[in-house]
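# Structure at a glance
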Amino acid sequence: DKIDINLFPLNYKINFKIDLANFYRQNKKYKKAEITFDELETLFEDMTNKEKFQFYMKKGFLYKNYQDYEQSIEFFNKAKLFIDDKDSEAKLYRALGEVYILNNKHSIAIEEMNKAIALFDKLYGILNEESIICFKILIRNKILIENPYFKIFNLFKIENKNIEVASINNVNKIIDIIKKE
């Protein structure tokens, strides 16, 4: 039996479609994702700010997958209007930074990544998982930034998806030594 999504409250329908569009995008079914986003646009006025933010972010990622970086940047910039928390803001800056890297606009990318890292560090402390993702993106694209923690990560070329606690402890010890000098 199929479930009729129209029987559920509107917010469930909106969130389901956002998740569905993102599922299609992540599984490289870009046309289906695009169709689902088009369907969502008819519900835009009924969306909360958080849903509008997610809509624009996910659509920005879709255009990143298409390698249409200008369109991706446009959607990410539209998402700025609907930010409702600092974590979302930082993730937006990171997404913009990555797309600017892909679009060979490295100076703007560095600005966006620095904003993301500063916000993540303020929210979660230094060497948090979210800032480390920014570092990895920069290292993978051979872009250097003026950040002492980034320099240490770049020095060790820590690129594994899951950084071991021991590695972070070693980096923390090195940072403590540098601070004392």
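Residues numbered from 1 in each chain as written. Predicted model: local features only at pLDDT ≥ 70, side-chain atom pairs only at ≥ 80, totals over all residues. Heavy atoms only, no water.

## As for the confidence of the model for the protein
Considering every residue of the protein, the mean pLDDT works out to 87; 85% of them sit at 70 or more. Within the model, the stretch residues 159-166 combines pLDDT values under 50 with 10 contacts to residues more than four positions away or in other chains. (pLDDT = per-residue confidence, 0-100. Contact = heavy atoms within 4.5 Å.)

## So, a nonpolar patch on the surface
On the surface, Ile3, Leu7, Phe8 and Tyr12 cluster together to form a nonpolar patch covering roughly 510 Å² of accessible area. Mapped onto the secondary structure, Leu7 falls in the segment before helix H1 (10-26). (Patch = residues over 30% accessible without salt bridge, like charges linked within 9 Å, V, L, I, M, F, W, Y side chains within 5 Å. Areas by Shrake-Rupley, 256 points an atom, 1.4 Å probe, with all protein chains shown as cover. Salt bridge = Lys/Arg side-chain N within 4 Å of Asp/Glu carboxyl O. Helix = DSSP H or I, 4+ residues; strand = E, 2+ residues; numbered from the N terminus.)

## A short note on helix H5 (residues 86-102)
Side chains three or four residues apart in an α-helix point the same way, a direct result of the helix having 3.6 residues per turn. The terminal C-alpha atoms of H5 lie 24 Å apart, and with 17 residues this matches the ideal 24 Å at 1.5 Å per residue to within 8%. Following H5 by one or two positions, Asn104 has its phi on the positive side, about 60 degrees. (Expected span 1.5 Å × (residues − 1).)

## As for the packing of aromatic side chains
Enumeration over the complete set of coordinates arrives at 14 aromatic pairs. For the ring pair Tyr56 and Phe82, a centre distance of 6.0 Å and an interplane angle of 20 degrees mean the geometry is stacked. Of this pair, Tyr56 sits in helix H3 (residues 49-65) while Phe82 sits in the loop between helix H4 (69-79) and H5, and the two are 26 residues apart along the sequence. Both residues of the pair, Tyr56 and Phe82, count as buried. Connected via pairs of aromatic rings, a cluster forms that spans Tyr30, Phe37, Phe44, Phe55, Tyr56, Tyr63, Tyr66, Phe75 and Phe82. (Phe/Tyr/Trp six-rings, centres within 6.5 Å; stacked < 30°, edge-to-face > 60°. Buried < 20%, exposed > 50% of the residue type's maximum accessible area, 1.4 Å probe, protein only.)

## Here's the deal with the pattern of salt bridges
Note on pairing: side chains with opposite charge can pair once their charged atoms come close. Enumeration according to the criterion identifies 12 salt bridges in this entry. Between Glu130 and Arg94 there is a salt bridge whose closest N-O contact spans 2.8 Å. Residue Glu130 is located in helix H7 (residues 129-140), and its partner Arg94 is located in helix H5; the two are separated by 36 residues in the primary sequence. Note on accessibility: Glu130 and Arg94 belong to one class, buried. Residues joined by salt bridges that share partners form a network here, namely Lys64, Glu98 and Arg140.

## Quick notes on the packing of H3 against H4
In helix packing, the relevant descriptors are the interaxial angle and the interaxial distance, both defined with respect to the helix axes. H4 packs onto H3 with a crossing angle of 170 degrees between their chain directions and a minimal axis gap of 8 Å. In terms of orientation, H3 and H4 fall into the roughly antiparallel class. Between H3 and H4, the residues in contact are Phe53, Tyr56, Met57, Lys59, Gly60, Phe61, Tyr63 and Lys64 and Tyr69, Gln71, Ser72, Phe75, Phe76, Lys78 and Ala79, respectively. Looking at side-chain class alone, the contact of H3 with H4 contains nine nonpolar, three polar and three charged residues. (Axes fitted to C-alpha atoms, helices over the stretch in contact; angles between N-to-C directions. Parallel < 35°, antiparallel > 145°, perpendicular 65-115°, else oblique. Nonpolar A, V, L, I, M, F, W, Y, C, P; charged D, E, K, R; others polar.)

## As for H4
Buried within H4 are the following residues: Tyr69, Ser72, Ile73, Phe75, Phe76 and Ala79. Projected onto a plane normal to the axis of H4, the buried residues spread over an arc of 165 degrees and lie on a single side. Lining the buried residues of H4 we find H3 and H5. (Arc of directions from axis to C-beta.)

## Here we look at the packing of H3 against H5
Closest axis-to-axis distance for the H3/H5 pair is 11 Å, and the angle between their directions is 20 degrees. Put simply, H3 runs roughly parallel to H5. Viewed along their axes, H3 and H5 form a crossing whose handedness is left-handed. Contact with H3, carried on its side by Phe53, Met57, Phe61 and Lys64, involves Ser88, Lys91, Leu92, Ala95, Glu98, Val99 and Leu102 of H5 and no other residues of that element. (Left-handed = near helix turned anticlockwise from the far one by under 90°.)

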